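Structural description and commentary
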Amino acid sequence: MANDNKLQNIIAHCKEYGFIFQSSEIYDGLQAVYDYGQYGSELKKNIRDYWWKSMVQMNDNIVGIDAAIFMHPTVWKASGHVDNFSDPMIDNKDSQKRYRVDHLIEGHAETLPKEDGDALLAKMDQLLAVNDFAGLKQLIEDNKIKCAIGGTSNWTDVRQFNLMFSTEMGSVADEANVVYLRPETAQGIFVNFLNVQKTGRMKIPFGIAQTGKAFRNEIVARGFIFRMREFEQMEMQFFVRPGTQKEWYEHWKEARMKWHLSLGIPQEHYRFHDHVKLAHYADAACDIEYDFPMGFKEVEGIHSRTDYDLSQHQQHSGKKLTYFDTELNQHYVPYVIETSIGLDRAVMMVLSEAYAEEDLGTEEKKDDRVVLRFPPMLAPIKLAILPLTKKDGLPDIARDLMNECRPEFKCFYEEKDTIGKRYRRMDAIGTPFCVTIDHQTKEDQTVTIRYRDSMQQERISISAVKQLVLDKIKAF
Ligand code: GAP
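Quick look at the structure, then. Everything numeric in this text was worked out from a predicted model, so none of it was measured.

What counts as what
- Residues numbered from 1 in each chain as written.
- Predicted model: local features only at pLDDT ≥ 70, side-chain atom pairs only at ≥ 80, totals over all residues.
- Heavy atoms only, no water.
- Helix = DSSP H or I, 4+ residues; strand = E, 2+ residues; numbered from the N terminus.
- Buried < 20%, exposed > 50% of the residue type's maximum accessible area, 1.4 Å probe, protein only.
- Contact = heavy atoms within 4.5 Å.
- Areas by Shrake-Rupley, 256 points an atom, 1.4 Å probe, with all protein chains shown as cover.
- Lys, Arg positive; Asp, Glu negative; His and termini not counted.
- Charge placed at Lys NZ, Arg CZ, Asp CG, Glu CD.
- Salt bridge = Lys/Arg side-chain N within 4 Å of Asp/Glu carboxyl O.
- Near = heavy atom within 4 Å.
- Polar contact = N/O pair within 3.5 Å; in protein donor to acceptor, adjacent residues only side chain to side chain.
- Nonpolar A, V, L, I, M, F, W, Y, C, P; charged D, E, K, R; others polar.
- Pairing = 2+ DSSP bridges.
- Axes fitted to C-alpha atoms, helices over the stretch in contact; angles between N-to-C directions.
- Parallel < 35°, antiparallel > 145°, perpendicular 65-115°, else oblique.
- Left-handed = near helix turned anticlockwise from the far one by under 90°.
- Patch = residues over 30% accessible without salt bridge, like charges linked within 9 Å, V, L, I, M, F, W, Y side chains within 5 Å.

When its secondary structure is counted, the protein chain shows 16 helices and 23 strands. Across its three principal directions, the C-alpha atoms of the protein chain cover 80 × 65 × 50 Å. For the protein chain, the proportion of its 476 residues judged to be buried stands at 49%. Taking contacts inside the protein chain between residues at least 6 apart in sequence as the whole, the part at least 24 apart equals 64%. For the protein chain, the exposed area adds up to about 23,400 Å²; of that, 48% sits on carbon and sulfur atoms. Counting 60 positive and 72 negative side-chain charges, the protein chain places the averaged centre of each group 3 Å from the other.

A few words now on the pattern of salt bridges. Close approach of charged atoms lets side chains of opposite charge pair. All told, the structure shown has 34 salt bridges when counted by the stated rule. Between Glu232 and Lys44 there is a salt bridge; the shortest N-O distance is 3.2 Å. Linking Glu232 in strand S10 (residues 230-240) with Lys44 in helix H2 (residues 38-57), this pair joins segments that are 188 residues apart in sequence. Accessibility classification places Glu232 together with Lys44 in one group, the buried group. For Asp83, the salt bridge identified is with Lys77, shortest N-O distance 2.9 Å. On the accessibility criterion, Asp83 (46% relative accessible area) is partly exposed.

On to the site of the ligand, then. In the neighbourhood of the ligand, 20 residues make up the surrounding shell, with Glu184, Glu218, Met228, Glu235 and Glu298 lying closest. Arg216 places a polar side-chain atom, nitrogen or oxygen, 2.9 Å from an oxygen atom of the ligand. Within the side chain of Glu298, an N or O atom sits 2.6 Å from an oxygen atom of the ligand. Sorting the residues of the shell around the ligand by element identifies S10, strand S13 (295-304) and strand S16 (335-342) as the ones contributing at least two each. Among the elements that take part in the shell around the ligand, S13 stands out by supplying five residues, more than any other. Class assignment of the residues belonging to the shell around the ligand gives a composition of five nonpolar, five polar and ten charged.

Looking now at unusual backbone geometry. Geometrically, the link from Ile204 to Pro205 is a cis peptide bond, its omega value of 5 degrees lying close to zero. Structurally, Pro205 can be placed in the loop between helix H9 (193-199) and strand S9 (206-215). We note that Gln96 has phi near 65 degrees; this positive angle belongs to a residue other than glycine. Along the chain, Gln96 turns up in the loop between strand S4 (86-91) and strand S5 (98-100). According to the relative accessible area criterion, Gln96 is exposed, its value standing at 63%. With a phi angle near 60 degrees, Asp392 is a residue other than glycine that sits in the positive phi range. For Asp392, the position within the fold is in the loop between strand S19 (383-387) and helix H13 (394-405). Classification of Asp392 as partly exposed rests on a relative accessible area of 38%.

Let's shift gears to the sheet that holds S9. Think of a sheet as strands paired side by side through backbone hydrogen bonds, with each pair either parallel or antiparallel. The seven strands are arranged S3-S9-S10-S16-S13-S12-S11 in an open sheet whose pairing can be described as mixed. Bordering the open sheet on either side are strand S3 (62-64) and strand S11 (270-274), each of which pairs with just one other strand. The average angle at which neighbouring strand axes cross in this sheet is 25 degrees, direction not considered. Pairing between S3 and S9: three bridges, direction parallel. Counted as the bridge partner of Val63 is Ile208 from S9. Here helix H12 (residues 343-354) sits on the sheet in contact with S10, S11, strand S12 (284-292), S13 and S16, set at roughly 35 degrees to S12.

The next point concerns the packing of helix H5 (residues 101-109) against helix H6 (residues 114-129). Here H5 crosses H6 at 165 degrees, and the two axes come no closer than 9 Å. One finds that H5 runs roughly antiparallel with respect to H6. H6 is crossed by H5, and the crossing has right-handed handedness. Every residue of H6 that contacts H5 at Asp102, Ile105, Glu106, His108 and Ala109 is listed here: Gly117, Leu120, Leu121, Met124 and Leu128. In terms of residue class, the contact of H5 with H6 is built from six nonpolar, two polar and two charged.

The next point concerns a nonpolar patch on the surface. A cluster of nonpolar residues, Ile69, Phe70 and Met169, forms a patch on the protein surface that exposes about 250 Å² of accessible area. Tracing the backbone shows Met169 in the loop between strand S7 (166-168) and strand S8 (178-180). Residue class for Met169 comes out partly exposed when judged on its relative accessible area of 41%.

So, about the pairing of strand S22 (residues 446-451). With respect to burial, S22 is a largely interior element, six of its six residues being buried. Alignment of strand S21 (residues 433-437) against S22, held across four bridges, turns out to be antiparallel. Bridge pairing in S22 links Phe433 to Tyr451. Counting the residues in the hairpin turn of S22 and strand S23 (residues 457-461) gives five residues, including Met455, whose phi is positive at 60 degrees.

Read these as spatial facts, not as claims about activity.
Here you go:
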């Protein structure tokens, strides 16, 4: 399957089977905003829960919080988002289409012979590094870069465009009431550093984790749920003694890659991308990239953020954000290693990895299926319970099994259609186990269990079903 097709097929499959819908679809949709349907929301929740368990439950020295989306506006001044969280943009006056300057130039560079393209990108990087907007416009004009929609080179000046959404808090719309929708969850952790450290009597090194919505007014928002305007992050800030940040950075790089591999995704589908050009507050940074249908792209960032954020908040709030290290008998502002993964990107990664179109045909008979090979612990539905017929008391036995299993994991009951069709529907939503209750069940209390990936079936005791599924979906 060509990768372009694969992405389109995944998008169509997600809609058809209740995973992901375009937001406000009946009004023609809202660009780069998506809703999760009945199976998508289960999948997303399972990934979030697995992350939370791995970070918070499995580590003595990491605790979780749930900070508000709205924060004091000075938070975003201190964090640098008001002044720096922007991209240089340019508009085409004829088509009214707005472009991120780097994307426009990169797109053009791809059409050039490699050497020329590289030279153009090197020039662009130099100009971006010093915010030389006039120089960037000149570069676009010199290279006769055209708008993909209008086909003209009638450009506005290059301007900065802040990616934060703002709104007003309270009843009066005035500038003093402007608040932002958070563009990252991390700042909710930084401003609560002392609250958590003191109330939890946390000793460095320790971490604070949280998951939650973040909002960015992305200009170029494409790639399905890869780049959205409303999305969810799972972030952890790990506070360490100054001077030890390098070793903790390496620790978290390795630990996070292990987490990714524990999803059953092979190593060759991942790679690290170490940043050469570092943000002004970072002393090391890398991305974990996954081989999406569009190629290798960032799914998670690991950043050694020095003491920048806490120092900035200390300065802007006038409140001390230091820690007293009893071993060193010394106060200091801790250094921070951050792990930051987009939950929606993780959903897209798991979907891309799981999606398979299989030809099961023989010479005599055509047959195929679409199957989502999710790791059982992440599957939206763990077990389908299917009475062979609607008669002879089989549904009652099936209902009893449902009642036994549903407190432990998500089950699905279905009695309509042939068993083959029901299996295929379960394959399409990634249900790892189906059990069929038939007439033999009444005689010997056994059921047929059918495994999604191998499609093999075996008879087991009905009393063994719950434990079998529990064993397979165990994460730790
Ligand atoms: N606190 C650090 C931070 O926010 P980031 O690299 O800007 O760093 C972290 O974002 C992660 O959030 C990314 O690796 C990506 O998975 C996810 N992310 C960022 N922007 C996104 C968007 N517009 N849509 C979906 N996910 C996004």
